[in-house]
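Observations on chain architecture
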Amino acid sequence: MLINQVRTFSTTTQLGSLARWYQKLWRSKGPTNGPPYAHVTQVGDPVLRQKAQLVPPEAVTSPEVRFLVQAMIDVMRKYSCVGLAAPQIGISLRILVMEFKDKLRDEYTSAEYKIKEMDTLPLTVLINPELKVTNYEKKSFTEACASVKGFSAEVPRYSEVLLSGLDENGKSKELALKGWNARIAQHEMDHLDGVIYTDVMDRKTFSCSCWQAVNANYGRVQIAFHKK
């Protein structure tokens, strides 16, 4: 139903109001709190398993898409993510945002920062993105996902990629990414194709990221899915 509604939107030449458009994107019999959400959708939500639809050319610079992009940026920053795809706030459209701030350097040792090839990535918005692998060497590092809250695993990813698409102003954009930023791009592109990192992880490494705290606190640990 959601896909058909998005296709209907893609064929129309006149955009309706913001409220009417979003109402077409969520399930009519779903919860009263509809997308775009101010939280991150969790594995099990059908939207995370759908192949997201292209944003129609005439809608790329529309107020509705601009509103959606800003909502994605707000949620990404609110939950301290380095990337987010539109399905993660409940909208099955091919849009992603990424940002790896320089201040994150303080959260890693210098050795870890170097071996993972981390580097600052300014706020990046891509609509209808495409990804091309430019270096097929794969490296495995631990990944987590805001849509699989509380868990992590090692995931093999290509070392270098070329990411292209349209920015929020409808202009073509191309980024050559390597190391950790290439990993972020691949992770978010997977979301647009209905793929979650648990599908491609090394299954033996899948673990609860707070297992030590669970033992230390006699199991009295809660995983929050909301931030004020």
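Below, the structure is looked at part by part. (Residues numbered from 1 in each chain as written. Predicted model: local features only at pLDDT ≥ 70, side-chain atom pairs only at ≥ 80, totals over all residues. Heavy atoms only, no water.)

1. Some points on the side chain of Thr41
For Thr41, the position within the fold is in the loop between helix H2 (18–25) and helix H3 (63–78). Overall, Thr41 belongs to the buried group, its relative accessible area being 3%. In this structure Thr41 touches Val47, Leu48, Pro87, Gln88, Ile89, Gly90, Ala146 and Ser147, once residues within four positions along its chain are discounted. (Helix = DSSP H or I, 4+ residues; strand = E, 2+ residues; numbered from the N terminus. Buried < 20%, exposed > 50% of the residue type's maximum accessible area, 1.4 Å probe, protein only. Contact = heavy atoms within 4.5 Å.)

2. Some words on H3
Compared with the 22 Å implied by 1.5 Å per residue over 16 residues, the 22 Å span of H3 between its first and last C-alpha is a close match. Of the positions making up H3, those classed as buried are Glu64, Val65, Leu68, Val69, Ala71, Met72, Ile73, Val75 and Met76. Two residues or fewer after H3 comes Ser80, characterised by a positive phi angle close to 55°. (Expected span 1.5 Å × (residues − 1).)

3. Overview of the pairing of strand E5 (residues 172–178)
Across seven bridges, strand E4 (residues 151–166) lies against E5 in antiparallel orientation. Within the sheet, the bridge partner assigned to Leu163 lies in E5 and is Leu175. Where E4 hands over to E5, the hairpin turn is made up of five residues, of which Gly170 adopts a positive phi near 80°. (Pairing = 2+ DSSP bridges.)

4. Remarks on unusual backbone geometry
Between Pro35 and Pro36 the backbone carries a cis peptide bond, its omega angle lying at 5°. For Pro36, the location among the structural elements is in the loop between H2 and H3. Its identity as a non-glycine residue notwithstanding, Ser80 has a phi of 55°, on the positive side. The residue Ser80 is located in the loop between H3 and strand E1 (83–85) in this model. Residue Tyr218 is not a glycine yet carries a positive backbone phi of 55°. Checked against the element boundaries, Tyr218 lands in the segment after helix H6 (211–216).

What is shown is where atoms sit, not what they do.
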